[in-house]
Structures are given as structure tokens and as C-alpha cells.
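Listed here are the chains, written in short residue letters.
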Number of protein chains: 2
Amino acid sequence: MRYRHFQELLELVNTKTDRKTVALVRAEDPHALEAVAEVTREGLVTPLLIGNREAIHQTAEQISFAITDDQILDAEDPESAASLGVQTVREGRADFLMKGKLETSQMLRPVVNKATGLGLGGVMSHVAVNEIPAYHKLLLTTDGGMLPYPTLEQKKSIIENAVKVMRKLGCDMPKVCVLAASETPNPKMPESMEALALKEMNQKGEIGDCIVEGPISFDLAMVKERAVVKNYQSPCAGDADILLVPNIHAGNILGKSLTEMAHAKMAGLIVGAKCPIVLTSRGSSAEEKFNSLMLACIVSG
Amino acid sequence: MRYRHFQELLELVNTKTDRKTVALVRAEDPHALEAVAEVTREGLVTPLLIGNREAIHQTAEQISFAITDDQILDAEDPESAASLGVQTVREGRADFLMKGKLETSQMLRPVVNKATGLGLGGVMSHVAVNEIPAYHKLLLTTDGGMLPYPTLEQKKSIIENAVKVMRKLGCDMPKVCVLAASETPNPKMPESMEALALKEMNQKGEIGDCIVEGPISFDLAMVKERAVVKNYQSPCAGDADILLVPNIHAGNILGKSLTEMAHAKMAGLIVGAKCPIVLTSRGSSAEEKFNSLMLACIVSG
């Protein structure tokens, strides 16, 4: 990964990709619409606003976002708005989705529909890209938001999803560290044995386009000096591009620790479907929403 | 918790507790002996050095630590050194133990011996006290090092062990946050249901001398503004004294994230036995060893 700051990704979007269309599902949400307004003003996206036409016009007016009537697609309830969003992606009218004023489960239901959804056969997973002042490059952490307790096969898919994101960011052979409490495989800790299994799959070519290391502790993955002191040898030591966490709790705790205590900036996406999905929450900062939309532009490219 | 910096604990040790005796097991370890030398010079402890007499003298000379022959207790191998260490505590000749040049499992075997060990009937657990620049007070995290997958009953004991440590640090009614990915109890996530159960035990008086909140996410536990935005009400919100993590992986990842990315200083101990046990590793900084020894002085008081 050659980039260290989200600011550099802004240049990447501006120079490398065409302007994308984001379908904002239930756009009558001031926080989400504000974020879409900002990336629209930056010239990154064309907005397609799905929901109650009148409510969307009102919300846009509140936040001084100039929109035209033909940028709105009518949908009266959350379910039909989500379905319409999925349809716009399938028809090529939108490049990616963003969740507005509806529940995550309502947003994802039509996405995962086998017949009419956006699935690609593999799993969908959450990726967070983090800009951490104490780290020398952008770091992807996964999965702290989608699959609570992934199986070994699902972890393989989570890695593959993350690797695809990194390749879109120009990192062709990302270093994947499968985290555990220790670097010693321990049969009493299934996470550590699965980490070893993932490393072996990578060595056999069953997980491609990346270098997988594991089990490995956070400090060995992130700080070269720690690896030197412990005489731990790995091309990934101190240079992780992707951290795979054991489960959703570890992932959520790590992500929040980085943003709240280590002053990290974050962008989050659901990936693994035909297009990325931006699922920020009311608690997300405006900057996080902006960065997530920017990342979606790159990933959907 | 009224303290924010380890420096303040140094004053607490100096003013509030008598000088403690630390039994360093297999003292012929330059890193551990150096740490003991430093706290000895600060006047915090009296050292009792267990191991090969000649090797200890040599090591002490290497690091210019002036010791006398009567500060050494002879033990030829790791097993007998650990047993002798335990015996010195049982006989009141030492106040707490520190691991030197031996494996953790060798150190703990005589400690957990039912007949001749240091058990108190409950579980032994690992506590880390963290000084985090982005947090307004010292924070205890547990258990990232001892019990890999604690049961509900063990989690109760882990909380009780941590509360005892906090009370030694002058925090009489610590706020305990039982971490999970979300603040909503979810039957599909056993960690979150156990967190709720621990909160209910606390409300019924089965876990005393503290306020337990859970399930709660890291950001709600640590940052008041996040709780305000989410309209989340709890006396613990943004003001956690103790974080209980779901398992050893989450605990290790969180601890390393705090020290390596959030510039936290750390002190670690095994507690729940008759005396605390300092188990630092070769990878621990000199400062971490010093802080851990200082914490042990307070906790064994």
C-alpha cells in the first residue's frame, strides 16, 4: 500500500475513475444526504435519491443542497426503496448504494436476495480502511461489522474481498495478517489454528494475490521493532496491509480503539456484492461518511 | 479512578505502602533483574533473588546491580526455583513474585497447586493498567492474558479480581464495562447475553463494589460524546474504569492497539492468587516492567 492519507485517495478518485452514481436509499435522512451533497459538490459523484419525493426535497432544502426533480426516484416505504436501489444497480443506473433512513437489515434484504439481489456467490463482508497517525500506510481491518463468527471458509472469502479492495487502491500483493493473541499455533485456540490454515491455503495458491501470515499478534503485524526483539521472521511483520480479526467483537473493539484512542480516520464499506454499500451510522462523523463515499467510488470502479 | 499517570502511582507507593519484597524467580535473566534493580534503587522494593547463585552474581555484575549473598536463594532448575518462590510468599518472606528466566507455565505450575500453591479458590486473571494519552484516567483492561475463553462464572471472578485492584488504587466503586460489538443484547452473540447477565448479577448484588454496564461498545464506554449522539444513558458511558473483553484474542488485540497505536503505557499483573505475579516478557519495555513492579507493590499492600 503506497498511500498513507485519505487525501491521496481523493486525488486517485479525481484522476483515475469516472464520476460514479450513488443511489442513496431513503434519502430523506439529513446526515446521509449531507454527506452525498458534499461528495457531489466535490465532483466525485452524481446522486440518485430514492425515497419520498416531498421529504427528500424538504431535507435537501434544509441542508441547502440543490437537487432537481429527475434526481429523485419515488419509493414510499423502506422496503420498496431498498428494492429500487438494488434494481438501479442491476440496471446500471447506479454504481453503488448508500443507506439512508432505514435499518441495516431493511437495506440488506433485497441485496442478499438470491434471485434479484446483488450477490456474487461468495460472502459479503465489512472492510474498514484506517488512516492511523502511528502507522506508515493505510490499513484495512476486516470484518468488524458483517459476519459475527466467520467459519474458515468465510474467512477465506473475507480475505479475498479485502484483497480486491486493496488492489483497487493500487496495492497488488497485500500483506494479510490473521490476528490472534499469539504467534504460536495453539490447538486450544481454534482462531490460531484457522489462521495457520489460511496461511497454508495461501502457500498452496488457494488464496491468491496476497501474502497471508498467521497466527500473528497485533504488535508483530504492525511494529517492525517488536518482530526484531522477538526474532520473528515474516515478510508481513510490521508491514500489514490487511488485518483479519477473529470475530465481530474483536473487530469492533479494534476499530473503535483506533478511531477513539489512536486518532485514526476511518472509511467503511460492505463488499463482496456486485457493488459496494456504504452503511454509515448516525454516530459516524461527516469525515467518515465522506471517506466512505470516496472509497466506494474507487472500489466500484 | 482519580489517577491519570503512572507517575502519580509512584507517589502512592512511596507514601502509602511499606517497602515490599519481590521474589524474582530465576533471577539470572538480565532484563528482569535490571527491572528489579531499578525499583530497588528507587527504594520501592527489597529484592529476593532465586536461582543459580553464581549466574545471579554474574548477571548482577553485568548490569552493575550491587547485591549481597544473603539476597540470593539457591535453586538449580526452573521448577525448584518456582516452587521456592511460592514457598517464600507462603512463609511471608516475599510479598509478590516476578518471573525471570523460565517459561510462564513453569512459573505458574507451583502457584496453582491446590495443596501448596497460592490459590484463593477463585480464578486467576490478567489485568493490564493503561495510561492512554487520549483518556482522562488510568484504565484497567482484563483479561488479555490468562483465561482464553472465560465462562460466565469466570467472567464474574475476573471482574471481582479487577475491582480489588482498582480499590487498591483508591477507586472504591469502579465502572465496569463489559465490551461487545454493540450495546444491544443479541441472542445470536453469546458474549452480549453474558454481558447482560453480568450487569443483572451486579444489580442483584451478586457482584459488589462496582457498577457493571453491558453489553456496551468500546466507543460508548470510552467517549461521552458518542453516548450523547446515540442517546445512550449509563453512569458508565464515556467513563469506564474497567473494560472486560470477551476473550483473550480481543484482549490482546486491544492491549497491543493501545500501546502500539495510541501511545499507551502499560503495567500488567496476574491477580487472584495470594499475591500478584509480574509476568513481563522480553518484548516488554523497561518502562512497562517498572510500572508492573510498581503496580504489584500497590496491589500486594
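Every chain begins its residue count from 1, and numbering advances along the sequence as written. Following the order in which they are written, the chains are lettered starting with A and the ligands numbered starting with 1. Totals for whole chains, interfaces and linings use all residues, but because this is a predicted model, local features are given only for residues with pLDDT of at least 70 and pairs of side-chain atoms are given and counted only at 80 or more. For the side-chain quantities, the full set of heavy atoms in the structure was used; hydrogens and water were omitted.

Engineer: Give a description of the pairing of strand β2 (residues 45-51) of chain A that names residues and reports values.
Structural biologist: Residues and elements named next belong to chain A. A large share of β2 lies buried, amounting to six of its seven residues. One requirement defines pairing of two strands: DSSP has to find at least two bridges between them. By definition, any uninterrupted DSSP run of H or I lasting at least four residues is a helix, any uninterrupted run of E lasting at least two residues is a strand, and each is numbered from the N terminus. Examined bridge by bridge, strand β1 (residues 20-25) and β2 share six bridges and lie parallel to one another. Each bridged residue has a counterpart across the sheet, and for A23 the counterpart in β2 is L48. Orient the strands so they point away from the viewer, and a crossover whose first-strand-to-second-strand path over the helix runs clockwise is right-handed. Following the chain from β1 across helix α2 (residues 30-41) to the adjacent parallel β2, one finds a crossover that is right-handed. When β2 meets strand β3 (residues 72-74), the two strands line up parallel, connected through three bridges. Looking at the pairing, I50 lines up with L73 of β3. In this view, the connection linking β2 to its parallel neighbour β3 by way of helix α3 (residues 53-62) has right-handed handedness. Note on classification: 1.4 Å probe, protein chains only; a residue is buried when its accessible area is under 20% of the maximum for its type, exposed when over 50%, partly exposed between these limits.

Engineer: Go over the interface of chain A and chain B, please, and point to the residues and values.
Structural biologist: Contacts between the two partners involve 37 residues from chain A and, on the opposite side, 37 residues from chain B. Accessible area that two parts lose when put together, with a 1.4 Å probe and added across both, is what the buried area reports. Approximately 3200 Å² of surface area, both sides summed, lies buried where chain A meets chain B, with 67% of it carried by carbon and sulfur atoms. Among the residues chain A hides against chain B, the three largest losses belong to A:H249, A:I253 and A:M261. Together they make up 23% of the total. Criterion for a salt bridge: a side-chain nitrogen of Lys or Arg within 4 Å of a carboxyl oxygen of Asp or Glu. A:R226 is paired through a salt bridge with B:E260; the nearest N and O atoms lie 2.6 Å apart. We call two N or O atoms a polar contact when they sit within 3.5 Å, provided that within protein one can donate a hydrogen and the other can accept it, with sequence-adjacent residues counted only if both atoms are side-chain atoms. For the interface between chain A and chain B, the tally reads eleven residue pairs in polar contact (both at pLDDT 80 or more). Every element with two or more residues in the side of chain A that touches chain B is listed here: α7 (190-203), α8 (218-222), α9 (224-229) and α10 (248-261) of chain A. For this classification, Asp, Glu, Lys and Arg are treated as charged, while Ala, Val, Leu, Ile, Met, Phe, Trp, Tyr, Cys and Pro are nonpolar and the rest, including Gly, are polar. Split by residue class, the side of chain A that touches chain B holds 22 nonpolar, seven polar and eight charged. Residue contacts follow a heavy-atom distance rule, with two residues in contact if any of their heavy atoms lie within 4.5 Å.

Engineer: Describe the pairing of strand β6 (residues 139-142) of chain A, listing the residues and the values that go with them.
Structural biologist: All names here are of chain A. Across the two faces of β6 the burial is the same, with L139 and T141 and L140 and T142 all buried. Examined bridge by bridge, strand β5 (residues 125-131) and β6 share three bridges and lie antiparallel to one another. By the bridge assignment for β6, V129 is matched with L140. As paired elements, β6 and strand β9 (residues 242-244) share three bridges and run parallel to each other. Bridge pairing in β9 links T141 to L243.

Engineer: So what's going on with the environment of B:L254? Which residues, and what values?
Structural biologist: Residues and elements named next belong to chain B. Inspection of the secondary structure assignment puts L254 in helix α10 (residues 248-261). Residue L254 is classed as buried on the basis of its relative accessible area, which comes to 1%. Along the primary structure L254 and G144 are separated by 110 residues, whereas in three dimensions their C-alpha atoms are 8.3 Å apart.

Engineer: Before we move on, can you summarise the pattern of salt bridges with the specific residues and values?
Structural biologist: Inspection of every chain in the model, using the stated rule, returns 30 salt bridges over all chains. Via salt bridges that share partners, A:K137, A:K175, A:D239 and A:D241 belong to a single interconnected network.

Engineer: Account for the confidence of the model for chain A, with residues named and values stated.
Structural biologist: Detailed reading of predicted coordinates is not advised where the pLDDT is low. pLDDT is a residue-level measure of predictor confidence that goes from 0 to 100. Taken over all residues, the pLDDT of chain A has a mean of 96, while the share at 70 or more is 100%. Among the prediction metrics, the complex's ipTM stands at 0.95, with pTM recorded as 0.96.

Engineer: Please give an account of the packing of helix α1 (residues 6-16) of chain B against helix α11 (residues 286-299) of chain B that cites residues and values.
Structural biologist: Residue and element names in this part refer to chain B. In this analysis, axes come from line fits to C-alpha atoms, helices being fitted only over the stretch in contact, and the angle between any two N-to-C directions falls in the range 0 to 180 degrees. At their nearest, the axes of α1 and α11 sit 10 Å apart, and the two run at 40° to each other. Compared by their axis directions, α1 and α11 come out oblique. Here α1 runs over α11; the crossing is left-handed. Facing F6, L9, L10, L12 and V13 of α1, the residues of α11 in contact are F290, N291, M294, C297 and I298. Among the residues making up the contact of α1 with α11, the classes are represented as nine nonpolar, one polar and no charged. Any angle between 65 and 115 degrees counts as roughly perpendicular, while under 35 counts as roughly parallel, over 145 as roughly antiparallel, and the rest as oblique. Two helices crossing with the near one rotated counterclockwise from the far one by less than a right angle form a left-handed crossing, whereas a clockwise rotation gives a right-handed crossing.

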